[in-house]
Amino acid sequence: MHDPLLAPMTIGPLSLPNRIVMAPMGQGRAPGGLPDAAYAGFYRRRAEGEIGLIVTGATAIGHPRSSFDDNEPHFHGSPLDTWAGIVEEVHAAGGRIVPQLAHAGLQGLAMNPPTLPGIGPSGVWLPGAQVGAEAGPGREDGQVMTLADIDAVIEAFARAAADAHRVGFDGIEIHAAHGFLIDQFLWSRTNRRSDAYGRDRSRFAAEIVAACRAATHADFPILLRLSQFKMTDYAARLANTPTELAELLAPIVDAGVDLFDCSQRRFFRPEFPDSPLNLAGWVRSLTGKPTIAGGGIGLAKTSLEYGEANIYATKATVALDHLDDVRERLARGEFDLVSLGRAILGDAAWARKLRLGQFDQMEPFEPQISLGLN
Ligand SMILES: Cc1cc2nc3c(=O)[nH]c(=O)nc-3n(C[C@H](O)[C@H](O)[C@H](O)COP(=O)(O)O)c2cc1C
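Residues numbered from 1 in each chain as written. Predicted model: local features only at pLDDT ≥ 70, side-chain atom pairs only at ≥ 80, totals over all residues.

A. Main features of the overall build of the chain. Helix and strand content of the chain: 12 helices and 12 strands. Residues classed as buried in the chain amount to 50% of the 374 residues present. (Helix = DSSP H or I, 4+ residues; strand = E, 2+ residues; numbered from the N terminus. Buried ≥ 20, exposed ≤ 12 C-beta atoms within 10 Å, placed from the backbone.)

B. Summary view of the site of the ligand. With respect to spatial proximity, 24 residues lie near the ligand, and among them Ala23, Met25, Gly26, Ala58 and Gly341 are the closest. Elements supplying a minimum of two residues to the shell around the ligand: strand 4 (53-60), strand 8 (172-178) and helix 10 (342-346). A breakdown of the residues in the shell around the ligand according to their chemical character gives 12 nonpolar, 10 polar and 2 charged. (Near = placed C-beta within 6 Å. Nonpolar A, V, L, I, M, F, W, Y, C, P; charged D, E, K, R; others polar.)

C. Region of the structure containing the sheet that holds strand 12 (residues 337-340). Ordered in space as 3-4-5-8-9-10-11-12, the 8 strands form a closed barrel in which the pairing is parallel. Averaged over all neighbouring strand pairs, the angle between strand axes comes to 30°, with direction disregarded. Note that strand 9 (residues 222-230) and strand 10 (residues 259-263) share 5 bridges and pair parallel. Counted as the bridge partner of leucine 224 is phenylalanine 260 from strand 10. Sheet strands touched by helix 3 (residues 147-167): strand 5 (97-102) and strand 8. Its angle to strand 5, the strand with the most contacts, is close to 165°. (Pairing = 2+ DSSP bridges. Axes fitted to C-alpha atoms, helices over the stretch in contact; angles between N-to-C directions. Contact = placed C-beta atoms within 7 Å.)

D. Quick peek at the packing of helix 1 (residues 38-48) against helix 2 (residues 79-92). Interaxial distance between helix 1 and helix 2 falls to 8 Å at its minimum, and their mutual angle equals 25°. Classified by the angle their axes make, helix 1 and helix 2 are roughly parallel. Seen along the crossing, helix 1 lies across helix 2 with a hand that is right-handed. On helix 2, the residues touching Tyr39, Ala40, Tyr43, Arg44 and Ala47 of helix 1 are Gly85, Ile86, Glu89 and Val90. Looking at the contact of helix 1 with helix 2 residue by residue, the class counts come to 6 nonpolar, 1 polar and 2 charged. (Parallel < 35°, antiparallel > 145°, perpendicular 65-115°, else oblique. Left-handed = near helix turned anticlockwise from the far one by under 90°.)

E. The environment of glycine 288, seen in detail. Within the fold, glycine 288 resides in the loop between helix 8 (279-287) and strand 11 (291-294). We classify glycine 288 as exposed; it has 8 C-beta atoms within 10 Å. The spacing of glycine 288 and valine 253 is 35 residues in sequence and 9.2 Å in space, taken between C-alpha atoms.

F. Spatial organisation of the confidence of the model for the chain. Scored by pLDDT, the chain has a mean of 93; 93% of the residues are at 70 or more. This model gives residues 127-139 a pLDDT under 50, and the stretch forms 30 contacts once residues within four places in sequence are excluded. (pLDDT = per-residue confidence, 0-100.)

G. Structural detail: unusual backbone geometry. Phi at aspartate 274 is positive, roughly 70°, even though this residue is not glycine. With respect to the element layout, aspartate 274 can be found in the loop between strand 10 and helix 8.

H. The arrangement of the pairing of strand 4 in detail. Along strand 4, 8 of the 8 residues are buried, which leaves the element largely enclosed by surrounding structure. The parallel pair strand 4 and strand 5 is bridged by helix 2, and the resulting crossover is right-handed. (Right-handed = clockwise from strand over helix to strand, strands pointing away.)

I. Looking closely at the packing of helix 6 (residues 203-215) against helix 7 (residues 242-254). Two numbers describe how helix 6 lies on helix 7: the axes approach to 8 Å, and their chain directions differ by 20°. Taken together, the axes of helix 6 and helix 7 lie roughly parallel to each other. Where helix 6 crosses over helix 7, the two elements pack in a sense that is right-handed. The residues of helix 7 that touch helix 6, namely those facing Arg203, Ala205, Ala206 and Val209, are Pro251, Ile252 and Asp254.

Okay, here's the thing in structure tokens:
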């Protein structure tokens, strides 16, 4: 049987040679926002390693409060020239790449938090948001966004999308997961607004998608990353039932999103009772849009889960025993693509080795090596 992981797929004008996506992973090597020169080789090696689609780690859009960390790459100003060079190298190696465009809002997990106070839908990030051993002091000093702030952030996302299109990226991914700003609007615990952006928690996300569409092209791929969990609250839920999830996503679909990247800490966990479907499975079935599933793929079951404090310091060994489960779900149409995080940081050639059957040559995620832009 042909391996469903290696089946080609299209997203609008974008042709992917397989179903393997490099999950967005910030590398924190951009002092003052300028990506280190080593980023180009880091992504080129993943393109040479036959990753179907690379999503960059979170990048800060051009709004004064968008960064969550002073070493997060910027996606505005002079760093755009560096990004253009990265795109060129990835394309020359036969790959495809989209930037993850982000606004941190009151996300409070930085090692080197910016000095300006964060902004959010209701100003306060909830207690506990700064748990995590290496985390900074948290962002409990946040300010409530005015309507002018909301307009400015939407405009900054649209400008970043236009810049991504202009410098040759293959699409964009909007970061609406893990407690970042857009997720703070989607979540009832952090969105306590009584205006239109509170009555309709999807409105902010939908307006961002629509503005990115208007700033680019009718068929420029727009991906949006979602998660129920937050970095510091694994039980958090945007939606408790499929009906609630459908209602939350409908305005974002209407706004013109092309694909939902559904982040889970373990891909195989059912999202709601009485069905084996994971988050990507539910989102696909409720919206009709293609989806990406991920979390723990290519890694031993004993490896840590995203959000755990020691994840960046703990080895994760290679395991492929669950790939048949992934293949069956792909073949059934539960979701369309899979994202791998640490597996691809550990081994740039993971996808090529899979195609060639070189399973025993796959390298593990070793923090000392794998977090060094290798
Ligand atoms: C070093 C590192 C940095 C990450 N940075 C981001 C990020 O910038 N944006 C994002 O949406 N997720 C980020 N993640 C989460 C990953 O995209 C992925 O969802 C998570 O690692 C689970 O996948 P895995 O089990 O295959 O590693 C990061 C994960 C790691 C390990």
